[in-house]
Amino acid sequence: SQTIHQWPATLVQPVGSPLSLECTVEGTSNPNLYWYRQAAGRGLQLLFYSVGIGQISSEVPQNLSASRPQDRQFILSSKKLLLSDSGFYLCAWSVDSNEQFFGPGTRLTVL
Amino acid sequence: GIQVEQSPPDLILQEGANSTLRCNFSDSVNNLQWFHQNPWGQLINLFYIPSGTKQNGRLSATTVATERYSLLYISSSQTTDSGVYFCAGGQGGKLIFGQGTELSVKP
């Protein structure tokens, strides 16, 4: 069966510091991978998605970037965090463009 | 882009009651999912339902793709049903989420 991991689970970072969040998927090959953010309130927003190694599409211009160095690894990064980067970050995977399955998330607080 | 509207935004029920949650889309979608977000933030998949009707225990969902809406039915609600329910849809793999319905089931 497929599983998705995210780490760290929680993170507190000062403004201006770098960021690296990692997501890995097990039990499937060549998945589509996604990064979402849930800010204060309830809606989730798609940030990036990837259909293969090195292929990244950005949905929202911002202070973040994504990379996919391996087939089942997806990384969300920032060189300098802003207060507005605080939120709950969720990684998801799917086979082709079908049903998406979400990881447990990383709760980021920027102080 | 596609807009997703969920209603109601908040719902308080007595245990045992039934409820219907609605999701409207501003344009056609070929992917549609319902989720339940638990208190720890985990998104639990309820239904993948671009069209038609599905049932899973006390929950069922119906999507009328031609009229761009989907309904989630919860019957005989339990306190463990509390939380936020999201619908999300889109074209291809890009899911657009609604703002959610926060359900509170009182014992």
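Residues numbered from 1 in each chain as written. Chains lettered and ligands numbered in written order. Predicted model: local features only at pLDDT ≥ 70, side-chain atom pairs only at ≥ 80, totals over all residues. Heavy atoms only, no water.

Trainee: Explain the interface of chain B and chain A to me, using residue names and the numbers behind them.
Mentor: Counting from both sides, the interface comprises 23 residues of chain B and, opposite them, 20 residues of chain A. Roughly 1700 Å² is buried in total at the junction of chain B and chain A, and carbon and sulfur atoms are behind 49% of that figure. Seen at the junction of chain B and chain A, the total is 1 salt bridge. Where E59 of chain A meets K94 of chain B, a salt bridge forms, and the shortest distance between an N and an O atom there is 3.5 Å. Linking chain B with chain A are 8 residue pairs in polar contact (both at pLDDT 80 or more), by the criterion used here. Elements with a contribution of two residues or more to the side of chain B that touches chain A: β4 (31-37), β5 (43-48) and β9 (83-90) of chain B. By residue number, the principal contributor to the side of chain B that touches chain A is β4 of chain B, which donates 4 residues. Among the residues forming the side of chain B that touches chain A, the class breakdown is 9 nonpolar, 11 polar and 3 charged. (Contact = heavy atoms within 4.5 Å. Buried area = accessible area lost by both parts, 1.4 Å probe. Salt bridge = Lys/Arg side-chain N within 4 Å of Asp/Glu carboxyl O. Polar contact = N/O pair within 3.5 Å; in protein donor to acceptor, adjacent residues only side chain to side chain. Helix = DSSP H or I, 4+ residues; strand = E, 2+ residues; numbered from the N terminus. Nonpolar A, V, L, I, M, F, W, Y, C, P; charged D, E, K, R; others polar.)

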